Amino acid sequence: GKYLGRLNGERAQGAMLENWRQGSALAQALGEIAALPDSTKNKEQLSPQAEAILRAMLDYPRSNLKGNKDDKQAQYALPDVLRAFAAFKASDLGAVLRKHLSESDVVVRATAADLLGDLPPTETNTRALAAALPIALADKDSNDAALAIVDALGKQKNQEANEALKLILDTNDYSVLRRAVAHLKVNGAGDFSARVGTVETRHTAADYRRALARIGKKVQARVNTDKGSFVIELLSEEGPLNVDNFVQLAKRRY
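Keep in mind the model is a prediction, meaning the values are calculated, not measured. The numbering scheme is per chain: residues are counted from 1 as the chain's sequence reads. Note on the predicted model: pLDDT of at least 70 is required for a residue's local features to be given, and 80 or more for side-chain atom pairs to be given and counted; whole-chain, interface and lining totals, by contrast, use all residues. The basis for the side-chain values is all heavy atoms of the structure; hydrogens and waters are excluded.

Quick word on the pattern of salt bridges
A side chain with one charge can pair with a side chain of the opposite charge if their charged atoms come near.
Then, in step 1: The salt bridge criterion pairs a side-chain nitrogen of Lys or Arg with a carboxyl oxygen of Asp or Glu, the two atoms within 4 Å. Scanning the entire structure with this criterion turns up 15 salt bridges.
Then, in step 2: In this structure, the salt-bridge partner of Arg55 is Asp92, at a minimum N-O distance of 2.7 Å. On the criterion of sequence distance, the pair formed by Arg55 in helix 4 (residues 43-58) and Asp92 in the loop between helix 5 (78-86) and helix 6 (93-99) is long-range, its members being 37 residues apart.
Then, in step 3: In this structure, the salt-bridge partner of Asp244 is Arg214, at a minimum N-O distance of 2.7 Å. Taken together, the residues Asp244 in helix 13 (residues 240-251) and Arg214 in the loop between helix 12 (205-212) and strand 1 (219-225) connect sequence positions 30 residues apart.
Then, in step 4: Members of the salt-bridge network, linked through shared partners, are Asp207, Arg210, Arg214 and Asp244. The numbering of helices and of strands both runs from the N terminus, where a helix is a DSSP run of H or I of at least 4 residues and a strand a run of E of at least 2.

Structure follows, in structure tokens:
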């Protein structure tokens, strides 16, 4: 409570811009306030403060602050900020999440869709998810947003959502197609199982060669934290593509 009293939206934005991991950790801590028992002392005062700070963190692009040379990575903290903000169940939560469906970062869009799927179905949410789906299907490096949007549409359980899912039955992304077909069947919109066959993978021949080249080799990742560092071993034989994805993201400093 004393720390929160010294914290405000601008300081939280500054922390987020200086180091996205710092912003992510701060968001997670603020989100814990929502989970405190109602009997907790000062919760009624702490909750609005925490929500306001998280709202400011979501609005960091419009601040006048400047971070370090990596301040463009501040968006990496947004998924944790969104989840923490959602825990307070603000009256405009749906509008905030719909806004973040248009972010450039695929994980941010995936998180927003995931959280929208947890809200009661509405026509507004259905339309927003349907509009975001074609953009997600065009993502080149990841289908996380597309999968999350498909799941959220499946939870809407209305005709407009089902029609949006039917429009992607010709996609060549096997995971997205299989997920859409499953939702359509559960929602009674038709059995399109026959459409799920062998489809084109997102991985290139170079991806497979790079992943297979690590088999039999010792692959490790050193993780540095403010409490020290530790090393994890990556099992390239058991999960060659998973390991390659991890390595590529690490090289991008994600």
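Here we look at the nonpolar core
Then, in step 1: Side-chain atoms within 4.5 Å link the members of a nonpolar core, which is a set of buried Ala, Val, Leu, Ile, Met, Phe, Trp, Tyr and Cys residues. Exposure classes here rest on a 1.4 Å probe applied to the protein chains alone. A residue is buried below 20% of its type maximum, exposed above 50%, and partly exposed in between. With 62 residues, the main nonpolar core has Leu54 and Met57 as its most contacted residues.
Then, in step 2: Residue contributions to this core peak at 8 residues, all from helix 9 (residues 144-156).
Then, in step 3: Here, residues are in contact when the closest pair of their heavy atoms is within 4.5 Å. Setting aside residues up to four positions removed in sequence, Met57 forms contacts with Ala12, Gln13, Met16, Gly23, Leu26, Ala27, Leu30, Leu78 and Val81.
Then, in step 4: Formed by 5 residues, the second largest nonpolar core is a distinct cluster that contains Val219, Ala221, Val243 and Val247.

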